[in-house]
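Given next are the chains, with one letter for each unit.
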Amino acid sequence: MTTTEESIGSAVGTRALNSYDDWSPLREIVVGSAAAYREHVRDLSFELFFYDNLTDDNPNRPHGYYPQLTGGTGEPGAPRREAIKQRYVDELNEDVEGIADVLSGMGVTVHRPIALPAQRPGEVRTPAWSAPVLPPLNIRDNSLVLGDEVIETSPMLRSRYFETQLLKPIFMRYFAGGARWTVMPRPLMTDQSFDLSRTLGGNTETVSASRLSPYDVGTEMMIDAAQCLRLGRDLVVNIATSNHALGCDWLERHLAGRFRVHRIYNLTDSHIDSCVVPLRPGVLLVRSAQVMDRLPAALQKWTTIVAPEPDASMFPAYDDDDLILTSPFIDLNVLSLDEHTVLINEANPELGRLLERHGFSTVPVRHRHRRLFGGGLHCFTLDTVRDGAGEDYLM
Ligand SMILES: NC(=[NH2+])NCCC[C@H](N)C(=O)O
């Protein structure tokens, strides 16, 4: 049954929060919501977060000026806003709802975030800045479920600063059922909070124009849950900036004695799940064989399945003014229902055949615009209950 409205405070119908890995039998999951998606707001945090995609994945757009740290046209600091075609939003909604139905049809309890109201999606406001709210679509990014605990991670995008508030009824229910519930320190997130070193040089201009604010405190911790690979009692964390490193310091101290944290550096700009996804103990789906060189030694012994080379024909054709926000490797961002069954994008049958050759069953689902909305099947889902425990898989 798809639960659209949670009865606040009641734990009835919800098992205890328990999710340590990406592969053990899935019982409960949150599926994101794209309702009221309208536009991209090109503020500093957006430009930095999508820097690699903006420069690498939009070949037909002029990209000599990313990131545009001055805030673009108009009043200094006012970010450029770019509308997203309504057809894409409608098709995305159709696909996400279809996937929620597939999951509940397979006996998984599906929870949904509070959907943004279409007419008044609202603003995020802090003393230092404001930004339009982004819908809670890629909910993998800001909530890290580690066993019986959910950690709301320190966000990196201003428009997502309070995204986890939209998961509140769900977290309240797990809390009522005994879960630990933790919020990482929230950054002040002024321009000066960001480590710009990855994005300096090359195509970058006007870095000196990043603005001063009375709320500047220097570099702050900012890290996404989607930078972490969950492997029972081990956590592999991808670090590409000093913002991430501070976030990882926090995670390591918070989890000491319960989980082992392994740092890896610059596997990718941030999220790890279009580079490597574990399919079962001992088996990793990877973007390329080189990914293995950056993983902890114990993981290098695991078998790898290298995802098929992406092919443009697997994606819809987009116009030059459609912003592409993922790499073409996004289809390896699969969701496992158990150690043998993997939800995959139906547009990538080659991946399906490859997984089947390795003994997996696949469930193909439609998700057309994953490149426009920054995430695949793993990104817009958050598994809250699986059977697995905090085992040591890295012995
Ligand atoms: N959890 C996520 N939102 N993951 C999406 C990762 C996409 C990745 N940045 C890419 O361009 O391939």
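The shown structure was predicted, so the numbers you read here are calculated from the model rather than taken from an experiment.

*Asks:* Could you clarify how one ought to interpret the site of the ligand in this entry?
*Replies:* As a structural note, the neighbourhood of the ligand is formed by Asn53, Asp141, Ala226, His271, Asp273, Ser274, Arg287, Thr326, Ser327, Ile330, Gly374 and Cys379. One of the side-chain N or O atoms of Asp273 is found 2.8 Å from a nitrogen atom in the ligand. If the ligand stood free it would expose 350 Å²; the protein chains cover 95% of that surface. The class makeup of the residues in the shell around the ligand is 3 nonpolar, 6 polar and 3 charged.

*Asks:* Looking at this structure, how should I read the confidence of the model for the chain?
*Replies:* Mean pLDDT over the chain works out to 91, with 90% of the residues at or above the 70 mark. Throughout residues 1-12 the model reports pLDDT below 50, and contacts reaching past four residues in sequence, or to other chains, amount to 27 contacts.

*Asks:* Explanation requested: the sheet that holds strand β17 (residues 335-336) in the structure shown.
*Replies:* Strands in a sheet are paired, the pairing made by backbone hydrogen bonds, and the direction either parallel or antiparallel. Read across the sheet, 3 strands follow the order β17-β18-β19 without closing on themselves; strand pairing throughout is mixed. On the outer flanks of this sheet lie β17 and β19 (361-365), each paired with one strand and no other. Bridge count between β17 and strand β18 (residues 341-345): 2 bridges; the pairing is antiparallel. The partner of Ser336 across the bridge, within β18, is Val342. On top of the sheet, helix α8 (residues 349-357) reaches β18 and β19; it is set at about 165° to β18, its chief contact.

*Asks:* Could you clarify how one ought to interpret the pattern of salt bridges in this entry?
*Replies:* Side-chain pairing between opposite charges can occur once the charged atoms of the two side chains come close. With the rule as written, the count across this model stands at 33 salt bridges. A salt bridge links Glu94 to Arg368, with the nearest nitrogen and oxygen atoms 3.3 Å apart. Highlighted residues: Glu94 in helix α3 (residues 86-105) and Arg368 in the loop between β19 and β20 (381-386), separated in sequence by 274 residues. Judged by its relative accessible area of 45%, Glu94 is partly exposed. A single salt-bridge network, built from bridges that share partners, covers Arg87, Glu91, Glu94, Asp95, Arg366 and Arg368.

*Asks:* I'm lost on the packing of aromatic side chains in this one. Help?
*Replies:* Tallying each qualifying case throughout the model produces 11 aromatic pairs. For the ring pair Trp23 and Trp302, a centre distance of 6.4 Å and an interplane angle of 65° mean the geometry is edge-to-face. Placement of Trp23 in the loop between β1 (2-3) and β2 (26-31) and of Trp302 in the loop between α7 (297-300) and β16 (303-306) is noted, with a sequence separation of 279 residues between them. The pair formed by Trp23 and Trp302 is uniform in burial state, with each residue classed as buried.

*Asks:* Sorry, what's going on with helix α4 (residues 168-176) here?
*Replies:* Spacing of three or four residues puts side chains on the same side of an α-helix, whose turn is 3.6 residues. Within α4, the full set of buried residues consists of Pro169, Ile170, Phe171, Arg173 and Tyr174. The first or second residue beyond α4 is Gly178, which carries a positive phi of 110°.

*Asks:* When you look at the side chain of His378 in this model, what are you seeing that I'm missing?
*Replies:* Structurally, His378 is set in the loop between β19 and β20. Taking the relative accessible area as the measure of exposure, His378 reaches 6% and is therefore buried. Within the structure, the side chain of His378 is placed 2.8 Å from the side chain of Asp273, a separation counted as a polar contact.

*Asks:* Even after reading the chapter, I still don't get the pairing of strand β8 (residues 143-146), so can you show me in this structure?
*Replies:* The two faces of a sheet get side chains in turn, since along a regular strand they alternate between them. Going residue by residue along β8, you find Ser143 and Val145 tucked away on one face and Leu144 and Leu146 tucked away on the opposite face as well. Here 4 bridges tie β8 to strand β9 (residues 149-152), and the two strands are oriented antiparallel to one another. What sits directly across from Leu144, in β9, is Ile151. Between the end of β8 and the start of β9, which pair antiparallel, lie 2 residues, with Gly147 showing a positive phi angle near 65°.

*Asks:* Explanation requested: the sheet that holds strand β10 (residues 180-183) in the structure shown.
*Replies:* Pairing is mixed across the open sheet formed by 3 strands, whose spatial order is β8-β9-β10. Only two strands of the sheet have a single neighbouring strand rather than two, namely β8 and β10. With strand direction ignored, the average angle separating the axes of adjacent strands in the sheet is 15°. The sheet contacts of helix α5 (residues 242-255) involve β8, β9 and β10, and relative to β9 the element is tilted by about 155°.

*Asks:* Mind showing me how you'd approach empty space enclosed by the protein here?
*Replies:* To find the voids left in a structure, one rolls a probe of water-molecule size over its atoms. All told, the structure shown has 5 cavities of 30 Å³ or more when counted by the stated rule. Here the largest cavity is characterised by a volume of approximately 190 Å³. Along the walls of the largest cavity sit 14 residues, with Leu48, Phe49, Met156, Thr241 and His244 positioned nearest its centre. The element best represented in the lining of the largest cavity is helix α1 (residues 44-49), accounting for 3 residues. Approximately 100 Å³ is the volume attributed to the second largest cavity. For the second largest cavity, the lining is made up of 13 residues, of which Arg140, Ala225, Cys228, Arg230 and His378 are closest to its centre. A total of 3 residues in the lining of the second largest cavity trace back to one element, the largest contributor, which is β8. For the lining of the second largest cavity, a count of residues per class yields 7 nonpolar, 2 polar and 4 charged.

Definitions and limits used
Residues numbered from 1 in each chain as written. Predicted model: local features only at pLDDT ≥ 70, side-chain atom pairs only at ≥ 80, totals over all residues. Heavy atoms only, no water. Near = heavy atom within 4 Å. Polar contact = N/O pair within 3.5 Å; in protein donor to acceptor, adjacent residues only side chain to side chain. Areas by Shrake-Rupley, 256 points an atom, 1.4 Å probe, with all protein chains shown as cover. Nonpolar A, V, L, I, M, F, W, Y, C, P; charged D, E, K, R; others polar. pLDDT = per-residue confidence, 0-100. Contact = heavy atoms within 4.5 Å. Pairing = 2+ DSSP bridges. Helix = DSSP H or I, 4+ residues; strand = E, 2+ residues; numbered from the N terminus. Axes fitted to C-alpha atoms, helices over the stretch in contact; angles between N-to-C directions. Salt bridge = Lys/Arg side-chain N within 4 Å of Asp/Glu carboxyl O. Buried < 20%, exposed > 50% of the residue type's maximum accessible area, 1.4 Å probe, protein only. Phe/Tyr/Trp six-rings, centres within 6.5 Å; stacked < 30°, edge-to-face > 60°. 1 Å grid on protein atoms, 1.4 Å probe; cavity = no way out; pocket = protein on both sides within 12 Å on 5 of 7 lines; lining within 4 Å. Points joined across faces, edges and corners; volume = space filled by probe spheres on them.

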